[in-house]
Amino acid sequence: MYFKIPAATTMAYIQAELKFKTTQDPNEIRINSIYENDSKFKCYINIDTFQFCDFKGGVSGSCYSLFKDLLGVESNKEVLRYLMKNYGDGQFLKIENKLEEIKTNENIIEEFNEHDKPIWFKDKDKIGAFGKQCLKYLLSRKIPIEYIRKMGYVYNPISKFHKRIILPYFEDGKEVYFQARAIDSKNSLRYLNPAGLNKQNYVFNYDAICDDVLIICEGIMDAMSIDPNEQVATCMSGAFLTPKQLEKIFTKAKPSAIIYVPDQDETGFKELEKNLKNIYTYADYSPEVLIFNPPEGCKDLNDMLIKTGKNIILKKDTLTFDEYKRQKFLQKKW
């Protein structure tokens with residue numbers, strides 16, 4: 001069970017330590033996303049229900065998970081101790097006996113599988129009408145069957161992942177993370193991530209990474225658009241390539257070359273140099289780093305696959321960083 005931290009304590013903590021904005025709802029506070037670059041206060045916190053929804057980072061759930069990431073602690077108990085001791089108006093001693101009842105996040109994936117009840121595509125006999133819609137959607141995106149076999153979907157009205165495709169991440173054959181993809185184009189949150197797990201700590205296709213060429217792109221659908229039988233692709237799950245992700249990659253292997261694929265938009269161009277710098281900083285060797293531009297009219301690798309059928313990247317089609325800058329300058333995009 002959860003001990004719900006009093007609204008006054010939550011408010012006192014936010015007012016003292018975070019930049020925030022109010023809304024018309026007296027129980028609602030807005031802060032900047034901690035999971036994505038944000039200056040427009042896109043993370044909404046309800047101090048009464050102790051829930052949050054980060055519209056920039058695509059994460060929602062209990063404030064315990066948000067505050068764990070904010071405070072840099074590992075457990076809900078540590079969040080409770082910190083807030084109640086520093087902002088609890090003398091109530092800390094009253095809840096000491098509740099600490100053992102606080103739920104931890106050690107089994108988030110197991111709890112998701114148990115409570116949200118995803119249906120996996122490998123279990124063909126269990127696939128319902130919505131599951132068939134999901135399969136049709138994935139096939140329209142030309143996602144290879146090797147990836148589809150590992151996916152599933154949630155059709156469970158009491159789950160926050162209701163009517164979403166589950167895209168799992170594995171490490172050493174064990175599911176450690178997932179992204180939940182909406183197939184409804186009108187849904188403002190295309191991806192929803194599990195609360196309590198930071199997507200920046202996980203690497204898609206981790207088990208396949210080796211000393212051969214590694215392709216790094218922004219989104220999971222783009223990574224899955226590369227033929228897994230020919231090349232290995234991973235994704236940043238956003239616009240930023242984090243130190244934790246790079247540490248995992250370079251601990252697992254030393255790719256002979258890294259092909260970086262930015263999305264063809266303002267954010268992709270803007271963050272490219274920073275991400276390349278991170279690659280060189282965290283590699284303990286000197287990999288060849290190249291840049292690939294999807295063909296004209298294609299915004300990313302999945303768009304390229306759908307429009308051209310191309311599902312591999314040849315070195316002859318890549319650029320060095322200097323060549324890339326010259327090209328963008330000439331196109332007036334740099």
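Going by the structure above, here's the rest.
Q: Which residues make up the environment of Leu70, and what values do they have?
A: Tracing the chain through its elements places Leu70 in helix α2 (residues 63-71). In this structure the C-alpha to C-alpha distance between Leu70 and Met224, which are 154 residues apart in sequence, comes to 31 Å. Beyond its immediate stretch of four places on either side in the chain, Leu70 contacts Tyr13, Leu18, Ile31 and Ile34.

Q: Can you tell me about the packing of α2 against helix α3 (residues 76-87), naming the residues and giving the values?
A: Look at α2 against α3: their axes get within 9 Å of each other, and the N-to-C directions meet at 75°. Between α2 and α3, the crossing angle belongs to the class labelled roughly perpendicular. Counting all contacts with α2, which are made through Tyr64, Phe67, Lys68 and Leu71, the residues of α3 involved are Asn76, Val79, Leu80, Tyr82 and Leu83.

Q: Could you give me a rundown of the sheet that holds strand β2 (residues 28-31), with the residues and numbers involved?
A: Taken together, the 5 strands give an open sheet; going across it, the order is β1-β2-β3-β4-β5, and neighbouring strands pair in antiparallel fashion. What marks the edges here is a single partner per strand, and that holds for β1 (21-22) and β5 (59-62). Sheet topology note: the β2/strand β3 (residues 43-46) ladder contains 4 bridges and is antiparallel. Of the residues in β3, the one forming a bridge with Ile29 is Ile45. In the packing of α2 onto the sheet, the strands contacted are β2, β3, β4 (51-54) and β5, and the crossing angle to β5 comes to about 110°.

Analysis parameters
Residues numbered from 1 in each chain as written. Predicted model: local features only at pLDDT ≥ 70, side-chain atom pairs only at ≥ 80, totals over all residues. Heavy atoms only, no water. Helix = DSSP H or I, 4+ residues; strand = E, 2+ residues; numbered from the N terminus. Contact = heavy atoms within 4.5 Å. Axes fitted to C-alpha atoms, helices over the stretch in contact; angles between N-to-C directions. Parallel < 35°, antiparallel > 145°, perpendicular 65-115°, else oblique. Pairing = 2+ DSSP bridges.

Fair warning: the whole summary comes from geometry, so function is off the table for now.
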